[in-house]
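# Architecture and fold: a report
Letter by letter, the chains look like this.
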Amino acid sequence: MLTYQIENDLPVQEFREVLIRSTLGERRPVDAAETLAAMLANATLIVTARENGRLIGVCRALTDFAYCTYVSELAVDAGYQHQGIGKALIQQTKQAAPKARLILLAAPKAREYYAKIGMTRHEYAFYLDE
């Protein structure tokens, strides 16, 4: 049975494992438990997908619940991709903060995915690295 829920107390090890199984672990500090713990502790909204209790997807976001929600990670276990789970996690995140605009930077492999699920591409995005 597939369930979606808000889990702002998601355990670090489960988060790490789903990042690795999703391939997002290639771009996340999966070998730095302290950093992963801080990422979870400082998120304001974590939506999960579980099948029979096993974590298969996560959407980790920072939001003010009024104006903007920034999705930092959308990760779905590679064995469960192409089943609508990522789209459902985005929808659940939007429902949790309905007044806020949902914003994210796409991973290179996922650029085309977000347009397919109804998100609008924006040509202006800027960031500063460390």
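Our subject is the structure listed above.
Residues numbered from 1 in each chain as written. Predicted model: local features only at pLDDT ≥ 70, side-chain atom pairs only at ≥ 80, totals over all residues. Heavy atoms only, no water.

Sheet architecture is open: five strands sit in the order E1-E2-E3-E4-E5, paired in mixed fashion. Only two strands of the sheet have a single neighbouring strand rather than two, namely strand E1 (2–6) and strand E5 (101–104). Neighbouring strand axes in the sheet, compared pairwise and without regard to direction, differ in orientation by 25° on average. Note: E1 against strand E2 (residues 45–51), five bridges, orientation antiparallel. (Pairing = 2+ DSSP bridges. Helix = DSSP H or I, 4+ residues; strand = E, 2+ residues; numbered from the N terminus. Axes fitted to C-alpha atoms, helices over the stretch in contact; angles between N-to-C directions.)

All right, on to the nonpolar core then. In terms of nonpolar packing, the biggest core is built from 19 residues, with Cys 59, Val 71, Leu 74, Ile 85, Leu 89 and Ile 90 touching the most fellow members. Apart from the residues lying within four places of it in its own chain, the contact partners of Ile 90 are Cys 59, Val 71, Leu 74, Leu 102, Leu 104 and Ile 117. Ranked by size, the runner-up nonpolar core spans 14 residues in total, among them Val 18, Leu 24, Ala 43 and Ala 75. (Core = buried A, V, L, I, M, F, W, Y, C linked by side-chain atoms within 4.5 Å. Buried < 20%, exposed > 50% of the residue type's maximum accessible area, 1.4 Å probe, protein only. Contact = heavy atoms within 4.5 Å.)

A separate point is the pattern of salt bridges. As enumerated under the stated definition, the model contains nine salt bridges in all. Taking the shortest distance from any N to any O, the salt bridge between Glu 26 and Arg 27 comes out at 3.5 Å. Exposure remark for Glu 26: the relative accessible area of 53% places this residue in the exposed category. Two residues, Arg 60 and Glu 73, come together in a salt bridge whose shortest N-O distance is 2.4 Å. Residue Arg 60 is found in strand E3 (residues 54–63), and its partner Glu 73 is found in strand E4 (residues 68–76); the two are separated by 13 residues along the sequence. For Glu 73, a relative accessible area of 1% translates into the label buried. Linked through salt bridges whose partners overlap, the residues forming this network are Glu 7, Glu 14 and Arg 50. (Salt bridge = Lys/Arg side-chain N within 4 Å of Asp/Glu carboxyl O.)

Spatial relationships are all this shows, so hold off on functional conclusions.
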